[in-house]
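Residue strings, one per chain:
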Amino acid sequence: ANLVSQSLVALSASSNKRDLIMIPMVSSFTTISIIVFAYGILPPLRGFLDWPMHYYATTAKRWDGWLSPDGVQALSGVHIQRNISYTNRGIKHDGKHDRKHMLDIMTPIKNHPSILKIDKKATSIPIVYFHGGGHICVTREILHHSMTPFVRAGFSVYSAEYPLSPDVKYPHAVLSAIRAILWATKNYCPKQCNDCEKFSRSGSELLNFLECEGRCQTTGETYKPGHCSSCAGPLGSDKVHLVGDSAGGNLATMAAALICNAKLRKRIVESVNDSGEYNDLLDEQSYPSVERVVSLYGLLGRQTPMTVPGVAEEDTTWLGYIKNVVVDTGVNFIFRLYDHPALTGRKLGSTLTDLDPKEIVSYAKETLILCGESDPLLLSNKEARKMLELKGFKVQFELYPGNHAFHGFPANWARYLNYAWTDNALAATHSMFEFLTGGAWTKRAHGLSLATIEKNTRADRSPLLVFPLFLVFIPLSLGYSFYLGFEYWQ
């Protein structure tokens, strides 16, 4: 329906006979492509990302070749405590873990050579991170390497999973994100200690990272409730930083809006709380102060070149028209899967720019919005900046060369993807360091030299395995899907 309406508008504005043939052809081809993607590609794509790619990423990050955007091996200096339930929904009835409501805690290994020497006060606030994936795919493990630089800077990072669409609709993912934030701030240990600390005291450079399946920071199995099981000190933080990329940027900005505005939060919670499932989120006494929010090319609105007046006319070539139609259809497709069918417009409010500005009385103390110059989500990022600035909130907006997800790929995959990661991923990482530490981090004092980074950027042939694996997995999954369909039809 979206493509038909766009085609009719384009046809009515054109007097060229060639357009009368080409526009319907382009629209028909795009319609077929979207249908094929929705029913033929998306299910196996999610399967590929959830299983082969998830476990491949878990393994590959142990190799020296997979680099983070700071130019350092992905897990160097990082202690990871995996698969912690942040809600009672994190455990299924049969006792098995439900990954949709789990998080990983990443903390710096003390005395490790990769850890930066930054003032402890500047890194004393926990970071809660939400991964991207268009609300429909990807797991936190796949993107851990994009957040481990903040661990090496001295932060504790809580990387949270959340339920994906179309399995659930808005606002369930946002409310799950808020629960993850509440859990993280309640269970944060200011000393960043863990039960694996004894293994890192030797300072051995051979010990690159640590993993722990146990509960290093707990609400009190050994000591009294609310105290760390390692140091016996009190747990908790009344402040938090939120970071998210793409769809995760949507969750970070929306979670900040709901946490900072009780009336807005109450309206959103009550829209899906008939069973009382989210009664705990109506408590106004338990919310932390949102200090800083970082959105990396976030899905902050529905603005596309086809919906913002004058933008589509900037490129009148066929390639430009096709690009604009594909972007517009793709964004609408994502929201079709994500949005609640019973809610629309302002009442829905599934993105920051959907909300009525009157409802946003308060917000994070500072917000950093980063985006690629060629990103299809650039228009929504600009609109979010405009909206927050008009409300008087402090916003920092930065553009970098490149397209969407430039910060999410391993640094040494850049040669295969044909982009200079030092110009965008590394530069954006430095900007986020400075922003989140309140200026305590500086490139001159703490940044690696380009010579050191180039030395670290060794050959990584893992994409030569990943890309063919994906191409093999898709037809196998499609074949199996058709087989199941045939069996069902029989």
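Scope of this entry: the structure provided in the associated data block.

Criteria and cut-off values
Residues numbered from 1 in each chain as written. Predicted model: local features only at pLDDT ≥ 70, side-chain atom pairs only at ≥ 80, totals over all residues. Heavy atoms only, no water. Core = buried A, V, L, I, M, F, W, Y, C linked by side-chain atoms within 4.5 Å. Buried < 20%, exposed > 50% of the residue type's maximum accessible area, 1.4 Å probe, protein only. Helix = DSSP H or I, 4+ residues; strand = E, 2+ residues; numbered from the N terminus. Contact = heavy atoms within 4.5 Å. Axes fitted to C-alpha atoms, helices over the stretch in contact; angles between N-to-C directions. Parallel < 35°, antiparallel > 145°, perpendicular 65-115°, else oblique. Salt bridge = Lys/Arg side-chain N within 4 Å of Asp/Glu carboxyl O.

**Description of the nonpolar core**
Of all hydrophobic cores here, the largest spans 111 residues; its most connected members are F130, F150, V157, I178, L242, L258 and Y363. Here the element with the most residues in this core is helix α5 (residues 172–186); it accounts for ten residues. I178 has contacts with A255, L258, I259, L281 and Y287, leaving out every residue within four places of it along the chain. Grouped together as the second largest cluster of nonpolar side chains are eight residues, Y419, W421, A425 and L426 included.

**Regarding unusual backbone geometry**
With an omega of 5°, the peptide bond between S165 and P166 qualifies as cis. Mapping P166 onto the fold places it in the loop between β4 (157–160) and α5. Following Y170, the chain continues into P171 via a peptide bond in cis, with omega recorded as 10°. For P171, the location among the structural elements is in the loop between β4 and α5. The phi angle at N83 is positive, at roughly 55°, despite the residue not being glycine. Topologically, N83 is positioned in strand β1 (residues 78–85). Within the chain, N111 stands out as a residue other than glycine whose phi angle is a positive 70°. Counting through the fold element by element, N111 comes out in the loop between β2 (102–108) and β3 (127–130).

**Quick look at the packing of helix α7 (residues 247–260) against helix α8 (residues 262–270)**
Closest axis-to-axis distance for the α7/α8 pair is 5 Å, and the angle between their directions is 110°. On the basis of the axis angle, α7 is roughly perpendicular to α8. Between α7 and α8, the contacting residues are A257, L258, I259 and C260 on the first element and A262, L264, R265 and I268 on the second.

**Comments concerning the pattern of salt bridges**
In total, this model carries twelve salt bridges according to the counting rule given. In this structure, the salt-bridge partner of D70 is R152, at a minimum N-O distance of 3.0 Å. Of this pair, D70 sits in the loop between α3 (52–60) and β1 while R152 sits in helix α4 (residues 148–152), placing them 82 residues apart in sequence. A relative accessible area of 9% means that D70 is categorised as buried. One salt bridge connects K394 with E366, and the closest N-O pair in it is separated by 3.6 Å.

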